[in-house]
Structure formats: structure tokens, C-alpha cells
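Breakdown of the fold
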There are 2 protein chains.
Amino acid sequence: MARKSATGRIGIADVAVKAGVSHATVSRVMNGNFTVDPDIAARVRAAAVELKYQPNPVGRSLALGKTDTIGIVVPDLANPTFQAILRGLSRAAAEDGYRVLIADSFEVSSEEAILAGEARRRCDGLVLCAPRMSDAELEEIAPSLHPLVLINRTTAAAGIPSLVVDYGQGVQDLAEYLVGLGHTRLAFLAGPAGSASNGLRLEGLEAFKARHPQVEVTMLDGGSDFDTGHGAVDSVLASGATGILAFNDLVAMGLMSGLHERGVDVPGDISVTGFDDIPFARYTTPTLTTAAVPIAELGGQAWRELRALIRKEDHDAPGSRYQPRLEIRASSGPAKAPRTAAHG
Amino acid sequence: MARKSATGRIGIADVAVKAGVSHATVSRVMNGNFTVDPDIAARVRAAAVELKYQPNPVGRSLALGKTDTIGIVVPDLANPTFQAILRGLSRAAAEDGYRVLIADSFEVSSEEAILAGEARRRCDGLVLCAPRMSDAELEEIAPSLHPLVLINRTTAAAGIPSLVVDYGQGVQDLAEYLVGLGHTRLAFLAGPAGSASNGLRLEGLEAFKARHPQVEVTMLDGGSDFDTGHGAVDSVLASGATGILAFNDLVAMGLMSGLHERGVDVPGDISVTGFDDIPFARYTTPTLTTAAVPIAELGGQAWRELRALIRKEDHDAPGSRYQPRLEIRASSGPAKAPRTAAHG
DNA sequence: TTGAAAGCGCTAACAG
DNA sequence: CTGTTAGCGCTTTCAA
């Protein structure tokens, strides 16, 4: 039989024997090298087809020093935002013949560096998605991960493009919008402590508070999922705020669900806003006002940045900043006139 | 400097030189082979640390004939079901030191075979998720993909474990439940034509109809996403059915959203059920009655089956069948007494 | 135009 | 216990 190689699979050697030529010639034919005599090339191709030969990518990778694979490290594959980035990245990379290897750190920040290093060694480049590690650690490992693209995080290390969403601006837009509706008492349901995007939101809110000293902004502890929002109902009600800025859409949905159970009307009693504009946001009841992040686009752009690095192209504008767009829906409305003020 | 190798990265040779030993010894130390003199081992380790040496996985893969990577092919990475399977698979595989490479066919069934083959060659095994290709094609390529695990699809090819969800039983449970509530006119919003799981649902409904000849079951065209459900409002209302079995939760949510816009009360006027029990199902308004599929478990089980194959373990029960569990929530309720019958 | 041979980075059998 | 040597499957000089 044709199976000679140690691995039991058809190798280039089998094709060479069958076609009566050398390995080198088979390699040339398989790579479309036109310096091969057409007759011989045809013979090689026939042999390859007959044996169902497919080049072993591992052998190629070793010889070529590239794997045609990129890696992505995410803190939590269950998060719709990271799923969308992954999807956009995968699609864009696939169009250029690259595959993607995923690594989920399950929000264990101490694992990130190891995962990233391992993934990087098997790939031609890496996308690090909202890493939870410290600035110092990120700056230290970043050079060893090159080509590397960062999402929602920046670093002082040189030559690392960053794609960041301007969460600070987004949360300010939401807050301004609520104030425009007459709300004077706001509350922010914060995200995970380690999250850089949460930090950006906090900075944005500071700027907002400086501009609107008369508006009360209560900070509440939170997280990034449904249950966080659902569990925050008590503290939200206790805050007395009528405009709630949830860390993201999931939290907002959990909160709306909890408020609904308590008989609190949204937006009649309380206005709720999310962040991200995940697909479900337009299907909640009421539909969710949020700041839309062009997330799939982000994945595609991450690939283009990474590709430029892999190809060693000089490219002028490494990284970019994305502005969220206010998406006004039904979960927000005019502030209720205070009970004590309204009379009759 | 230490960088000698052609790729510009630190290789085993650099460590060998630095420690004054042979490559082989370095390899032994790095692989925890205890036949190495402790002093020498320490010297090697010190050299490795100093040079920040990390073994090149591609070289290892070629030598060992394994990549410690598995592949998964999905029809659509945007689908929550496949996302959940991916997540479960990734988590389970990671616990055994395996990584996962993803391939999205974007519902282009003609691409599946190529994607699967490519992914397989770079990996030690493959999970094919709900492939859309024909039975004949699947049976033909399956052997070349071994070790292979199938999800929501079976094949006559030998030695291929299949994990299938019993959609037929699930849809029957939902239908029986609705009938128990007094509904006598049901409608089924079908899924994508190529989907095997849709076929199973249809078979289940045939069995149901045989048992309940007095119940009217209207078949409506559909799809698998929000918009499908949202767009089906007219045909649903036209059918006169009071109990709607949506293909999945997404479709059900889209439908509920559309019914809400039309002022139709769910479950007062019409009961709606989904399928899958995606995380959002418990947060819709009203919360969604559905058939829960233990989807994350499925990903984990897929890995265990694949692992057994990779390790060439004989294992008695390849594949398994998952029974959906009825999850009764607020989107379903008693059938309204017909207007004409109620009086006063 | 083609083949022989070297090499990608690593593991492992085989001597010593 | 350690070094030498031979691959793993492929690409790519270098001669012929």
C-alpha cells in the first residue's frame, strides 16, 4: 500500500515515489512553482489526487516558520462582547487564509500571561482581548508576544496597536442624555474591579460630575452579568436615583428584570441604560437604551492591524479609538416630577 | 548574543550551548526526564530561565506527531447554541491541556468539508457541529477526519460517536404540555431547511399528530433567528393557532416581540414556547417557556468522547442522546375560552 | 528543469 | 547518565 510514513498518513514521499520524482519536485508542484515541466507536474498532480495527498501543515510550518494561525485570548468566552469580537476576527482572518486558536482565561488574570505565551508560540500573532493583568505585567510581556494587537487596553510597550472603545465618552453621552430628560439623581452600576473599560467609564463619570456639580451620581458595586444587575435592585432603589447607568447591557437587563418583579415601572419610575448594544438589547421589554459599540467591526480591524504587523508593513495609524453611538430606545424617559413638588 | 537560530527565537540549541550540554539533555530536562544528573539538570534549567527559553510547539508537534490541539467546525459562530458548545468544549479540553482551533463555515455547506479537512490536519481530532452537508458527503469524509465526534448529526460511517439532542422528544413534550393547557390549535415555526435538528422536530410533531388527531398543527416557514420570529407574526396570527412552538428561543423571542407590538397578549391570547433555554430565556418579558438543552454539558461530553478516541481507549458507549427538559415559565398559559362559547 | 542535501526545532533510540 | 544520530514532513538552496 501507499502508506509508508511513520505517522500512517500519506506524505510527500509517497507521492514522490508514485510519480517517480523527488520530494522536491512534488513540493514545487504543490506550491504552484512553474519551473516544473508540465508533463511531470501533471503526473505529480495525478499521483497526489489518487493518493488523496494533502500536505502536512505542521511540516510546512516548521520549514516556513509560520503557521497561518493567529491566537486570541479572552477573559470569558461566555461574554457576548468577546464572542462578537471573536466572530469578527475569525471571519476577517479566514478571508486571508488564517485560522484562529482560542484561549479562555476564565477571568483568572494570573493565567493570562501563560495562556498568551503558549498561544503565541503556536501562532503567527496574537490578539489580547481586555486583559485583566496589571499594566506592569502587560508592559513586561507585550514585547515577547509581538506581533500583538490589544483590544480595550493600552500599553507603554512599543509597537503594540490598541483598539479601544471610548467607554468614557459613551458613559458621558448616556449621562448627558439622562440629565437632558430631567434626571438629577443618577447611579452607576460598576463593572468588574479589574476591568480597564470600567476604569474608563469611571473617568468619564468624573468628567461628567465636574461639568454637572448639581447632579448626584451614586456609585454602586456590580459586575458584568445578568445576576449582578438582578441582585442590584435593592441598592438601586435605596440610592433614590431615577436614572441608572448599568455597566453593560447584561447588567441592565438583569436590573430591569429585577425592577419588573418589584413592580417598578421602567421608564416610568426609573430609566435604565445599558452599554454595548448586544443583539438582544433591541428585544428586551422595554427595549434598551444603550451606547452601541461597533463590536464586530472591532474584530475585523484587529485582524487588519495584526496582518500588517505579520507582514511587517509600515502602517501609519496603528490602533484606533471607537466612539460609541447613543441608541435611544424605550427603557429611558423623562424624569418623573418629584411627588413632593407635584401637587394635585 | 544568544539568538542563533534562523527564526531569530531562542531554541533548544542556544540553551544547550549555554549550559554546555547536548540538545538531547536539554530536551530531557525540559520534559522532566529524571535520568538526568541533578546538577546538570539545574544548570540546564538555569540557562533556560536566563534565556527565557520556551520550547517551540511546532517542532515538538512534528517530532511527536501530535499538536495538543483539537478543531471544531460550526455552521455559524453567531448562534448562541454553538457558542455554548464551543465554550464547554474549550473549557473541558483546556483542563486536559488541549487548545481549540475554530472554523466557522458561515452556513455555506459546500465549505464544510474543506474546512473540516484543513482543521483536522492541524489538530489531533475534530468536532463537527451540526454539519449541513448531505448524509452521503458526511459518510464519505468522516473516515478521513477520524478522530471525529459529531454533534446533532449521525452517520453510518463506523467509529464516529454522535452526541444528539432528542429534539423530537422535546417538541413533543412542549406540544403535549400546551394541549394539557387546553390548546387545540398549534403552529410550528420551522427552522432552516438544511438543519437536521429541524428534521427531528418535524418527526416528533408527526408522532404527536398521530396521537392527537383532534389537534390542528399548522406548519409555518421560518428560520433560526430573531428576525425570523419577528417576521412571522402575520402568518402566526393568520393561522389562528393559540399555541406556538417556535423553532428555538431566538425565534420565540422575535415572535413575542412582534406580538407585543401588535398588542397581542402573551400568554393571555397566545402561548409561545421556545427551544434550547439560552441564558436570555429567563429574562424575556414574559419569561420564556422552553425545552432546556444541556448545551454546555454537550461541549464537555464532546471533548471526553474525542479524548477517548485520541487516546485510543476502547469505550463502551460511544455517543449519547440528550433529553431536553421542559422549562415552564410565563410565556405559556391556559388556552382562552373561545369568544363564541363564553357568554357574559 | 530536476535531484541531492541541508535545515526548521524538537524527541527518542542507541551507544557508550 | 549523556552525547551522537536519525528522523518527524516539508521547503529551499545549490549543483548538475
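Residues numbered from 1 in each chain as written. Chains lettered and ligands numbered in written order. Predicted model: local features only at pLDDT ≥ 70, side-chain atom pairs only at ≥ 80, totals over all residues. Heavy atoms only, no water.

**Details of the pairing of strand 1 (residues 69-74) of chain B**
Residues and elements named next belong to chain B. In terms of residue burial, strand 1 counts as a mostly covered element, since 6 of its 6 residues are buried. Of the two faces of strand 1, the one lined by Thr69, Gly71 and Val73 and the one lined by Ile70, Ile72 and Val74 are each fully buried. Strand direction decides the pairing type here: strand 1 and strand 2 (residues 99-104), joined by 6 bridges, are parallel. Considered in strand 2, the bridge of Ile72 is made with Ile102. In the classification by handedness, the crossover that spans strand 1, the intervening helix 5 (residues 80-95) and the parallel strand 2 is right-handed. Bridge count between strand 1 and strand 3 (residues 125-129): 4 bridges; the pairing is parallel. Bridge pairing in strand 3 places Gly71 opposite Leu126. (Buried < 20%, exposed > 50% of the residue type's maximum accessible area, 1.4 Å probe, protein only. Helix = DSSP H or I, 4+ residues; strand = E, 2+ residues; numbered from the N terminus. Pairing = 2+ DSSP bridges. Right-handed = clockwise from strand over helix to strand, strands pointing away.)

**Notes on the UniProt feature "domain: HTH lacI-type" (unreviewed entry) in chain A**
Sites flagged by UniProt as "domain: HTH lacI-type" (unreviewed entry) map to residues 10-64 of chain A. The annotated region residues 10-64 of chain A carries 69% helix and 0% strand content, and the separation between its end C-alpha atoms amounts to 20 Å. (UniProt positions renumbered as here; feature names shortened; annotations may be inferred.)

**Brief notes about the relation of the copies chain B and chain A**
Between the two copies of the chain lies a relationship made up of a rotation around an axis and a movement along it. Once turned by 180 degrees and shifted 0.2 Å along the axis, chain B lies on chain A with an RMSD of 0.2 Å. Each copy turns onto its partner about a two-fold axis. Considering only C-alpha atoms, the residue of chain B closest to the rotation axis is B:Leu101, which sits at 2.2 Å. Residue by residue, 100% of the interface of chain B is reproduced at the interface of chain A, so both copies engage with the same surface. (Least-squares fit on C-alpha atoms with pLDDT ≥ 70 in both. Contact = heavy atoms within 4.5 Å.)

**Side note on the packing of aromatic side chains**
Counting across every chain of the model gives 9 aromatic pairs over all chains. Measuring from ring centre to ring centre gives 4.9 Å for B:Tyr98 and B:Trp303, while their planes differ by 50 degrees; the resulting arrangement is tilted. One end of the pair, B:Tyr98, is in the loop between helix 5 and strand 2; the other, B:Trp303, is in helix 13 (residues 295-310), with 205 residues separating them in the sequence. Three or more aromatic residues joined by ring pairs make a cluster, and in this case those are A:Phe226, A:Phe280, A:Tyr283, B:Phe226, B:Phe280 and B:Tyr283. Directly above the aromatic system of A:Phe106 lies the positively charged group of B:Arg91, at a separation of 4.0 Å from the ring centroid. Positioned above the aromatic ring of B:Phe275 is the side chain of B:Arg201, whose terminal nitrogen or guanidinium carbon lies 4.6 Å from the ring centre. (Phe/Tyr/Trp six-rings, centres within 6.5 Å; stacked < 30°, edge-to-face > 60°. Lys NZ or Arg CZ within 6 Å of the ring centre and 35° of its normal.)

**Concerning helix 6 (residues 109-122) of chain A**
Across its 14 residues, helix 6 of chain A extends 21 Å between first and last C-alpha, which sits within 8% of the 20 Å expected from 1.5 Å per residue. Every buried residue of helix 6 of chain A is listed here: A:Glu112, A:Ala113, A:Leu115, A:Ala116, A:Gly117, A:Ala119, A:Arg120 and A:Arg122. (Expected span 1.5 Å × (residues − 1).)

**Focus on the interface of chain B and chain A**
Contact residues are listed per partner, giving 40 residues for chain B and 41 residues for chain A. Of the roughly 4,100 Å² buried at the junction of chain B and chain A (both faces included), carbon and sulfur atoms supply 65%. In this structure, A:Glu118 engages B:Arg99 in a salt bridge whose closest nitrogen and oxygen atoms are separated by 3.4 Å. Joining chain B to chain A, the criterion identifies 8 residue pairs in polar contact (both at pLDDT 80 or more). Elements with a minimum of two residues in the side of chain B that touches chain A: helix 4 (57-64), helix 5, strand 2, helix 6 (109-122), helix 10 (226-231) and helix 12 (249-261) of chain B. Looking at the side of chain B that touches chain A residue by residue, the class counts come to 18 nonpolar, 11 polar and 11 charged. (Buried area = accessible area lost by both parts, 1.4 Å probe. Salt bridge = Lys/Arg side-chain N within 4 Å of Asp/Glu carboxyl O. Polar contact = N/O pair within 3.5 Å; in protein donor to acceptor, adjacent residues only side chain to side chain. Nonpolar A, V, L, I, M, F, W, Y, C, P; charged D, E, K, R; others polar.)

**Concerning the sheet that holds strand 9 (residues 271-273) of chain A**
Residue and element names in this part refer to chain A. Pairing within the open sheet is parallel, and its 4 strands lie in the order 7-6-8-9. For this open sheet the edge positions go to strand 7 (216-220) and strand 9, each flanked by a neighbour on one side alone. Averaged over all neighbouring strand pairs, the angle between strand axes comes to 20 degrees, with direction disregarded. Taken together, the 4 bridges between strand 6 (residues 185-189) and strand 8 (residues 243-246) define a ladder with parallel strand orientation. Across the sheet, residue Phe188 finds its bridge partner in strand 8, namely Leu245. Each of strand 6, strand 8 and strand 9 is contacted by helix 12 (residues 249-261), which is oriented at about 155 degrees to strand 9, the strand it contacts most. (Axes fitted to C-alpha atoms, helices over the stretch in contact; angles between N-to-C directions.)

**Brief notes about the pattern of salt bridges**
Scanning all chains against the criterion turns up 32 salt bridges over all chains. Of the charged contacts, one joins A:Glu206 and A:Lys209 as a salt bridge, the two residues approaching to 3.5 Å between their closest N and O atoms. Of this pair, A:Glu206 and A:Lys209 both sit in helix 9 (residues 196-211), 3 residues apart, which is roughly one turn of that helix. A salt bridge links B:Asp166 to B:Arg321; the shortest N-O distance between them is 3.4 Å. Pair noted here: B:Asp166 is in the loop between strand 5 (162-165) and helix 8 (167-180) and B:Arg321 is in strand 11 (residues 320-322), with a separation of 155 residues, a long-range link.

**Observations regarding the packing of helix 4 (residues 57-64) of chain A against helix 4 of chain B**
Axis separation between helix 4 of chain A and helix 4 of chain B bottoms out at 9 Å; the angle between their running directions is 140 degrees. One finds that helix 4 of chain A runs oblique with respect to helix 4 of chain B. In the crossing of helix 4 of chain A with helix 4 of chain B, the sense of the turn from one axis to the other is left-handed. Between helix 4 of chain A, through A:Val58, A:Gly59, A:Ser61 and A:Leu62, and helix 4 of chain B, the contact on the second element is made entirely by B:Val58, B:Gly59, B:Ser61 and B:Leu62. The residue inventory of the contact of helix 4 of chain A with helix 4 of chain B, partitioned by class, reads 4 nonpolar, 4 polar and no charged. (Parallel < 35°, antiparallel > 145°, perpendicular 65-115°, else oblique. Left-handed = near helix turned anticlockwise from the far one by under 90°.)

**Brief notes about the packing of helix 8 of chain B against helix 9 (residues 196-211) of chain B**
All names here are of chain B. Where helix 8 contacts helix 9, the axes come no closer than 7 Å and their chain directions differ by 45 degrees. On the basis of their axis angle, the class for helix 8 and helix 9 is oblique. Remark: the crossing between helix 8 and helix 9 carries right-handed chirality. Between helix 8, through Tyr167, Gly168, Val171, Gln172, Ala175, Glu176 and Val179, and helix 9, the contact on the second element is made entirely by Ser197, Leu200, Arg201, Gly204, Leu205, Ala207, Phe208 and Arg211. Counted by class, the contact of helix 8 with helix 9 contains 8 nonpolar, 4 polar and 3 charged residues.

**Describing helix 7 (residues 135-145) of chain B**
Residues and elements named next belong to chain B. Three or more residues of helix 7 are buried, namely Leu138, Ile141, Ala142 and Leu145. Down the axis of helix 7, the sector holding all buried residues measures 130 degrees, keeping them to one side. Opposite the buried face of helix 7, by more than 90 degrees, sit the exposed residues Ala136 and Glu140. At its buried positions, helix 7 is contacted by helix 6, strand 3 and strand 4 (148-151). (Arc of directions from axis to C-beta.)

**Here's the deal with the pairing of strand 2 (residues 99-104) of chain A**
Burial runs high along strand 2 of chain A: 6 of the 6 residues are buried. Two elements, strand 2 of chain A and strand 2 of chain B, share 3 bridges in a ladder whose sense is antiparallel. Of the residues in strand 2 of chain B, the one forming a bridge with A:Val100 is B:Ile102.

**Some details on the domain arrangement of chain A**
All names here are of chain A. Split by domain assignment, chain A resolves into domain 1 (12-64), domain 2 (69-165 + 295-323) and domain 3 (167-293). Computed over C-alpha atoms, the centres of domain 2 and domain 3 are 28 Å apart. Contacts between the two partners involve 9 residues from domain 2, matched on the other side by 11 residues from domain 3. Summing both partners gives a buried area of about 930 Å² for domain 2 against domain 3, and 55% of it is carried by carbon and sulfur. Per-residue buried area on domain 2 facing domain 3 is highest for Pro80, Arg132 and Val165; these three make up 45% of the total on that side. The tally of links from domain 2 across to domain 3 stands at 0 salt bridges. The interface formed by domain 2 and domain 3 contains 4 residue pairs in polar contact (both at pLDDT 80 or more). Class assignment for the residues of the side of domain 2 that touches domain 3 results in 4 nonpolar, 3 polar and 2 charged. (Domains from an automatic or database assignment.)

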